[in-house]
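# A look at the structure
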Amino acid sequence: MSTIEAIKALILGVVEGFTEFLPVSSTGHLLLIGHFLGFESKGKTFEVLVQLGAILAILIVYFKKLWSILLALPSDPRARSFVIGILIAFLPAAIIGALLHNFIKDVLFNPMIVCTTLIAGGLVLLAVEDMPLKSKFTDVMDFPPMMCLKIGLFQCLAMVPGVSRSGATIVGSMLMGAEKRAAAEFSFFLAMPTMAGAFAYDLFKNYKILEFNDVALIVIGFVAAFISALVVVRGFLNYVSRHGFKLFAWWRIIVGILGWIGLYFVPVR
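Here's a quick rundown of the structure. (Residues numbered from 1 in each chain as written. Predicted model: local features only at pLDDT ≥ 70, side-chain atom pairs only at ≥ 80, totals over all residues. Heavy atoms only, no water.)

## Topic: the side chain of K8
Along the chain, the position of K8 falls in helix α1 (residues 3-19). Despite its burial, K8 pairs with no opposite charge, the nearest such side chain being E5 at 7.3 Å. Contact partners of K8, with chain neighbours within four places excluded, come to L37, G38 and F39. (Helix = DSSP H or I, 4+ residues; strand = E, 2+ residues; numbered from the N terminus. Buried < 20%, exposed > 50% of the residue type's maximum accessible area, 1.4 Å probe, protein only. Lys, Arg positive; Asp, Glu negative; His and termini not counted. Salt bridge = Lys/Arg side-chain N within 4 Å of Asp/Glu carboxyl O. Contact = heavy atoms within 4.5 Å.)

Have a look at this one:
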């Protein structure tokens, strides 16, 4: 592993952790930046496996709440309903992701697709922000099972890189009556089984092709993603509660346009 490769993995890890829980598409950013850095990972494994750092960050941030929910499961119907709702929301992505795993990586992990979906997703966020939506749910513990299933179907849209897993679930939640902060928080909780499942499945499919150098780069990216995700999570919830999602919508549009320009005019390193 060269120093240059390690620096690239570090940069991509920071980007992953910083963008994973924002509605801007971490995978889309990794693919675009990796493309211009000339970073290639075997089987596109780095882009998926490095997400483990962000998973651990969210587990630490929400450990106290998760532990209290776990302890309450035997006696609290509300806690059981919440856990069942997360599992219901997770199932569509688990099934479709397993069926389309190769197609997603071979066809959709494409920088031009990423730029297009970044811009389209930004326009959707702007439109949703301007809708006169009524908030019926202010606490993630109160989301009904059918609503969770619909959010899970929205999450499947994020299998197209650039759509954003958090963006799709947040928009879906808001359209079904969730308050902005609650929508973002549900997206965090749903990320845990979804990203852990993607990590485990991708590792199972590709562990035979990984060499020591690949694993070392993934570890560097993992540590960087963990640290940067810790910084972002709490601040994001507070920002969304006060200002909404327009900043992230314009972020997506600008990055998508710059990506288009770069793909046409900037040579790959």
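Having seen it, we continue.
## Description of the pattern of salt bridges
In the structure shown here, the tally under the stated rule is six salt bridges. Residue R78 is joined to D142 by a salt bridge in which the shortest nitrogen-to-oxygen separation is 2.9 Å. Of the two residues, R78 sits in helix α6 (residues 77-99) while D142 sits in the loop between α8 (111-129) and α9 (145-156), which places them 64 residues apart along the sequence. Overlapping salt bridges bring together R78, D139 and D142 as one network.

## Observations regarding the environment of V215
One can find V215 in helix α12 (residues 212-243). Given the relative accessible area of 40%, V215 is considered partly exposed. Sequence separation between V215 and K42 is 173 residues, and the spatial gap between their C-alpha atoms is 11 Å.

## What to know about the packing of aromatic side chains
Per the stated rule, a full pass over the model turns up 14 aromatic pairs. Relative to F248, the ring of F236 has its centre 5.4 Å away and its plane inclined at 75 degrees; by these criteria the two rings are edge-to-face. One end of the pair, F236, is in helix α12; the other, F248, is in helix α13 (residues 246-265), with twelve residues separating them in the sequence. Judged by its relative accessible area of 3%, F236 falls in the buried class. Take F248: its relative accessible area is 5%, and that puts it in the buried class. These aromatic residues form a ring-pair network of at least three members: F18, F21, Y62, F82, F188, F189, F236, Y239, F245, F248 and W251. (Phe/Tyr/Trp six-rings, centres within 6.5 Å; stacked < 30°, edge-to-face > 60°.)

## Considering the state of the cysteines
Enumeration over the complete set of coordinates arrives at zero disulfides. C148 provides the cysteine sulfur closest to C156, a residue in no disulfide bond, and the two sulfurs are 14 Å apart. (Disulfide = S-S within 2.5 Å.)

The values are spatial; any link to function lies outside them.
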